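Structural overview for review
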2 protein chains.
Amino acid sequence: MKMTIGNFLFMRLQQVGVEHVFGVPGDFNLQLLEQVKEVDGIEFIGTCNELNAAYAADGYARTKGIGALLTTYGVGDLSAVCGIAGSLAEHVPVVFISGVPPLYAMESRLRVHHSLAEGNFDNVMNCLKEFTVVNTRLTPNNAVEEIDCALHRCWKQKKPAYIQVPSNISYLMVDVPETKLKLELPASDPERLESSAKHIANLLNRTQRPALLVDIEVDRSGIAKGLSLLVNKKKIPYAALPTGKALLSEVHPLSLGVYMGEATTPSVKDVIKASDCLIVTEPCFIEGSPMVFPGGLPIRAHIYIRGYSVTVEKEVYEGVNAGDLINRLIDLVEASPATSIQSTSPADVFAPRPGAVLTQIYLWSRMGRFIRSGDIVLADNGTSNIALRDVQLPEDTRYISQLIWGAIGYSLPALLGSMMAAPDRRHILFIGDGSLQMTAQELSTILNLGLRPVIFLLNNRGYTIERFILGMYEVYNDIADWKYSALPQVFAPDVKAFTAIVKTEDDLEKVLAEVENSDCACFIELRLDPEDAPEALKTFGPLTAELDYGPRGPQHVFDKPRVSTKSD
Amino acid sequence: MKMTIGNFLFMRLQQVGVEHVFGVPGDFNLQLLEQVKEVDGIEFIGTCNELNAAYAADGYARTKGIGALLTTYGVGDLSAVCGIAGSLAEHVPVVFISGVPPLYAMESRLRVHHSLAEGNFDNVMNCLKEFTVVNTRLTPNNAVEEIDCALHRCWKQKKPAYIQVPSNISYLMVDVPETKLKLELPASDPERLESSAKHIANLLNRTQRPALLVDIEVDRSGIAKGLSLLVNKKKIPYAALPTGKALLSEVHPLSLGVYMGEATTPSVKDVIKASDCLIVTEPCFIEGSPMVFPGGLPIRAHIYIRGYSVTVEKEVYEGVNAGDLINRLIDLVEASPATSIQSTSPADVFAPRPGAVLTQIYLWSRMGRFIRSGDIVLADNGTSNIALRDVQLPEDTRYISQLIWGAIGYSLPALLGSMMAAPDRRHILFIGDGSLQMTAQELSTILNLGLRPVIFLLNNRGYTIERFILGMYEVYNDIADWKYSALPQVFAPDVKAFTAIVKTEDDLEKVLAEVENSDCACFIELRLDPEDAPEALKTFGPLTAELDYGPRGPQHVFDKPRVSTKSD
């Protein structure tokens, strides 16, 4: 079958589930924008800038399983690279396509715009190589295999792939396979699967105190449902790392809560530390207190589940697909009687006190009841994701946050992406003022596409997370106080949106009632005291200062010099 | 003398002329924000995001001679890298400081946030290595020399330097030199200077048809004044590349206008091609038609002036400082009688026709008269800088545009930077809607700092430059139509600003009169037809499509396939 290279690329993306490609036009990719249009079932979504496109593609991939980004050479690539590095850090499969200068221009080292104009076309590729698991420049000679290889590797490894498409080759015809591309995990090696499953089952059937730590892999390998069954049958109490939040139910009696190294609630930490059969799922970071347990875990895990291999005690079983393994384990393990372990109690319910100033403690308690089963909840870095860590989410809630890479501003474009992937699910975003200002323009795209998220903007006039680390009253932590509630109307004058400003507990109640009945996007500004913060953040701040700046850091009052430069 | 590493860094920056450091706080750089405060004469200016900070530092450096940027590790570095690559492409000396994780964390390969959390701390550095001429990680052992070396190299090469400061060492005391850092060009080798000057003077004194092409180096080497004297004495007609615009007077009788390869006006091109003594200044790109003259010049230059060397005919003289050379040449060359070459005539003056819809042709002609001597004019990529290429600017106008790297959105943060560098000069910005949306939030910083630029927003509801390349009526070139005139009030509710919407020629006249009398920032939205464009852009579009997409590109109507993916 003959097809243009560009059509083949977008057909393949569509076949693996990408229905929306995020990006920004540029002269080296306009031909690709034509070619997206030519393929059924896939569409280009223009964003305001490329970093936002990268975040949107990441959010899309988290909800849809794979995402795609399209930029123009140099300026676009390097604007997006922070987002792509985030996808790599967080194991998100994003296909990053860049329209690059014509092959002849690169081969002749011509001086072109969007380059350094000295003939070097390796520097952008070298940069992207650091943050992608595939990095390839298409030619008519390699395009077909490279595209399929990139999609396979991106999806299997759950990490970003980078494909450069020279602008003058994308309309060239090549021979392409007749068969549809199917991304499937390879079957497990039967012997290894059976041996590892028996090894684990033996351990589990003997154990007195099994425990499970949940992290990203549970989502990326699609084993959440199987793991729930296994946990229920064997009555295995589990805790989630912050990066594994809500992948298994947070309201199940076996759910212990959050595990985050030394900073874990003692009742949870004790269960993990005392386990005689600790199961962990990759990558098992100890985020939040990253430097406390350099080894990553309080005790050596007995069972370490990765996507395609599992370590049981000291034996590594290669070629074992996590899904196959969990399914086999469900058969093999003996059911245990009900555990005595109690789930943590649901958050207290506060009644709003008329006129009482809105506080963080009230807010998050109330939000725990506002979020409902089926919601997709996004939280930006800082106050929002630190507070939500301790808010129990209902069954079947999906939680999206960029906890490892931690780029503020990520969540607003990610909201766009996730909503395009699952437009029928209610999306709720919590974002601070500092984060919002990073990527604010993408609210325009969200509204103009007719999407209807519920956005809570936490306005406390500054980088609150930084205030608690250093410089509580310093100007460098201040943020300009925008008239936020006017943003929807400025960005999308013809789109209906509900906006409100909340200052008190009863304001919040009234506004939440309106949000529940709303048929449009909701943008709620929550006015909060700059010095108010979730309790977890108040602990996190000084600890971080200690780890970052050490004993001679500015958090310890000592004689700060005054350096005069006038005398010279 | 003992001093903390952080204080030393900022003292050195202050000594070489950096009074403002742009950036965003993050936990790995908060200690540095404290240390900026401790040094007299240097201040931190927070921006909304790091890309904007990089553009601001670039704009500052173009106006002040050197600039500085401060980010936090990973997320900040990679958000800023597009701006830094632009500084490299355009020969702008920016010192890029990154607060990075503590030394012990990097040495122990700990899993920390803002990294990929797998112990690799080389990837960000490797990426930045591609786009900086210095890239160093400070330790207490190397800090003093590395800082001085970085500043020297950055300033001398007019290219960005990257300095990582581990968060736990910046308050450590080190021994630092008592002497102030002075950045000075090394003196020329006396013999080489004299020989090269005589060689050139001989050529010039014999030549019948000298000509000069002006580019970036004239600014970066600070030889504009000297070159003006030389040109006047010898009556050398000169043309400027678009990247060398307004470095020498555009209204002088010897000024030929713009030189841009094949696309040059024949009268200008003929003078250059026919020259028997063509002088060029580095880098001498042929931007705008980058692939037309791969060799870079229509004829071999007789004299090629770089910062520290000069090529005269076939002889390369190393160790010759361009400033010394020009000064010596002014002495050596014989004065020529007045040339018969006429300057191009000033732009026609139109009288506004009441009710006549504003057009590009009217706009730019009018703007040529609005801009006055002493202004700093910034133009974003696309319509604005293509149109201004052909607008003669008055004497002593400074022009800032990012023509080589060509990142849209650059100019708004660059305006912030340049205004902080020269607050007493009137700044005028021309920016399109697509560009503005990329970096719009930085208008907040500009207004909240009390700066008073004149901003002309060209709103033609789309990427007009792309429309003329490909997809005139395509949705992918559309941009949401914001209520732009409300932006100042949203971003800076308490700051006075003059806003207006201009639709007709007489609207423009009225508004310009108000701008002239205004004592606050002015934000003027110019409503323009999406299909209207400067003539130069109409030529540029189809030429670019041909160069980018080639004979099989979509600009040639041929049977575009329809790829159905439904049948599988």
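Residues numbered from 1 in each chain as written. Chains lettered and ligands numbered in written order. Predicted model: local features only at pLDDT ≥ 70, side-chain atom pairs only at ≥ 80, totals over all residues. Heavy atoms only, no water.

**A look at the sheet that holds strand β15 (residues 315-318) of chain B**
All names here are of chain B. Rule in force here: Paired strands are those between which DSSP finds at least two bridges. Each helix is a run of H or I in the DSSP string that is no shorter than four residues. Each strand is a run of E no shorter than two, and both are numbered from the N terminus. Only the contacting stretch of a helix is used when fitting its axis, a line to C-alpha atoms as for every element, and angles between N-to-C directions run 0 to 180 degrees.
Overall, mixed pairing links the seven strands, which are arranged β11-β10-β9-β12-β13-β14-β15 in an open sheet. Whereas interior strands pair on both sides, the edge strands pair on one side only; in this sheet they are β11 (255-258) and β15. Neighbouring strand axes in the sheet, compared pairwise and without regard to direction, differ in orientation by 15 degrees on average. Pairing geometry for strand β10 (residues 238-240) and β11, over three bridges, is parallel. Directly across from Ala240, in β11, lies its bridge partner Val258.

**Comments concerning empty space enclosed by the protein**
Here is the rule we go by: Both site types are read off a 1 Å grid over the protein atoms alone. A 1.4 Å probe that fits but cannot get out defines a cavity, while an open set with protein on both sides within 12 Å along at least five of seven lines defines a pocket; lining residues have an atom within 4 Å of a point. Grid points are joined across faces, edges and corners, and a volume is the space filled by probe spheres set on the points. Just so you know the grouping, Ala, Val, Leu, Ile, Met, Phe, Trp, Tyr, Cys and Pro go in nonpolar, Asp, Glu, Lys and Arg go in charged, and all remaining residues, Gly too, go in polar.
For the coordinates displayed, the defined rule picks out ten cavities of 30 Å³ or more. As a volume, the largest cavity reaches approximately 570 Å³. In this structure, the largest cavity is lined by 43 residues; those nearest its centre are A:His113, A:His114, B:Asn381, B:Gly406 and B:Ile408. Listing elements by their share of the lining of the largest cavity, those giving two or more residues are α3 (50-64), α4 (75-89) and α16 (433-439) of chain A together with α3 (50-64), α14 (383-389), α16 (433-439), α18 (464-469) and α21 (535-549) of chain B. Among the residues making up the lining of the largest cavity, the classes are represented as 20 nonpolar, 17 polar and six charged.

**Let's talk about the domain arrangement of chain A**
All names here are of chain A. Applicable threshold: Note that the domain bounds were set by an automatic or database domain assignment. Here, residues are in contact when the closest pair of their heavy atoms is within 4.5 Å. Buried area: the sum, over both parts, of the accessible surface (1.4 Å probe) that disappears when the two are put together. Every case where a carboxyl oxygen of Asp or Glu lies within 4 Å of a side-chain nitrogen of Lys or Arg is listed as a salt bridge. In the analysis that follows, any N or O atom pair within 3.5 Å is treated as a polar contact, provided that within protein one partner can donate a hydrogen and the other can accept it, and provided that, for residues neighboring in sequence, both atoms belong to side chains.
Domains assigned within chain A are domain 1 (2-175), domain 2 (190-332) and domain 3 (360-549). On a C-alpha basis, the centroid separation for the pair domain 2 and domain 3 is 31 Å. With 15 residues of domain 2 at the interface, the matching set in domain 3 holds 16 residues. Across the interface of domain 2 and domain 3, roughly 1,500 Å² is buried in total on both sides, 64% from carbon and sulfur atoms. In this structure, Asp219 and Arg398 form a salt bridge, with 3.1 Å as the shortest nitrogen-oxygen distance. For the pair domain 2 and domain 3, the interface holds seven residue pairs in polar contact (both at pLDDT 80 or more). Split by residue class, the side of domain 2 that touches domain 3 holds eight nonpolar, three polar and four charged.

**Here's the deal with the relation of the copies chain A and chain B**
Rules: Superposition of the copies used a least-squares fit over C-alpha atoms from residues whose pLDDT is at least 70 in both.
Once turned by 180 degrees and shifted 0.0 Å along the axis, chain A lies on chain B with an RMSD of 0.0 Å. A rotation of that kind, with that shift, is consistent with a two-fold axis. Closest approach to the rotation axis within chain A is made by the C-alpha atom of A:Cys127, at a distance of 2.2 Å. Taken together, the interface assignments show that 100% of the residues at the interface of chain A recur at the interface of chain B, consistent with an identical surface on both copies.

**Details of the sheet that holds strand β6 (residues 134-137) of chain A**
Residues and elements named next belong to chain A. Strand order in the open sheet made by the six strands is β3-β2-β4-β5-β7-β6, with parallel pairing throughout. The outermost strands of the open sheet, each flanked by one partner alone, are β3 (43-46) and β6. Direction aside, the axes of adjacent strands within the sheet are offset by 25 degrees on average. Packed on one face of the sheet, α3 meets β2 (20-23), β4 (67-72) and β5 (94-100) and runs near 165 degrees to β4.

**Some remarks on the interface of chain A and chain B**
A common way to report how large an interface is uses the accessible area buried once the components associate. Counting residues at the interface gives 107 residues for chain A, matched by 108 residues for chain B. Counting the surface lost from both chain A and chain B, the interface buries some 9,300 Å², and carbon and sulfur atoms represent 61% of this. Contact with chain B buries surface across chain A, with A:Arg111, A:Leu116 and A:Tyr476 losing the most and accounting together for 7% of the total. Seen at the junction of chain A and chain B, the total is four salt bridges. As a salt-bridge pair, A:Asp40 and B:Arg562 come within 2.8 Å of each other at their nearest N and O atoms. Across the chain A-chain B interface, the total number found is 41 residue pairs in polar contact (both at pLDDT 80 or more). No other element matches α4(A), which puts eight residues into the side of chain A that touches chain B. Taken together, the residues that form the side of chain A that touches chain B break down as 58 nonpolar, 29 polar and 20 charged.

**Looking at the state of the cysteines**
Residue and element names in this part refer to chain A. Basically, it comes down to this: For the purposes of this analysis, a disulfide is any pair of cysteine sulfur atoms at a distance within 2.5 Å. The buried label applies to any residue whose accessible area, calculated with a 1.4 Å probe on protein chains only, is under 20% of its type's maximum; exposed applies above 50%, and partly exposed to all values in between.
Counting across every chain of the model gives zero disulfides over all chains. With no disulfide of its own, Cys149 lies 11 Å from the sulfur of Cys154, the closest cysteine sulfur. With relative accessibility at 31%, the residue Cys149 sits in the partly exposed group.

**A short note on the pairing of β4(A)**
Residue and element names in this part refer to chain A. For β4, the buried fraction is high: six of the six residues fall into the buried class. Where burial is concerned, the two faces of β4 agree: the one with Gly67, Leu69 and Thr71 and the one with Ala68, Leu70 and Thr72 are both buried. Where β2 and β4 come together, three bridges link them in parallel fashion. Bridging across to β4, Gly23 finds its partner in Leu70. Bridge count for β4 against β5 is six bridges, and the pairing is parallel.

**Topic: the packing of aromatic side chains**
Put simply, the rule reads: Side-chain rings of Phe, Tyr and Trp, where Trp is taken by its six-membered ring, are said to pair if the distance between their centres is within 6.5 Å; with planes under 30 degrees apart they count as stacked, over 60 as edge-to-face, and otherwise as tilted. Here, a charge over a ring means that NZ of Lys or CZ of Arg falls within 6 Å of the ring centre while also lying within 35 degrees of the ring normal.
Scanning the model with the defined rule gives 18 aromatic pairs over all chains in all. Ring geometry for B:Phe22 and B:Tyr60: centres 5.7 Å apart, planes at 65 degrees, overall edge-to-face. Residue B:Phe22 is found in strand β2 (residues 20-23), and its partner B:Tyr60 is found in helix α3; the two are separated by 38 residues along the sequence. Since its relative accessible area comes to 0%, B:Phe22 is described here as buried. Just above the ring of A:Tyr399 sits the side chain of A:Lys245; from NZ or CZ to the centre is 5.6 Å.

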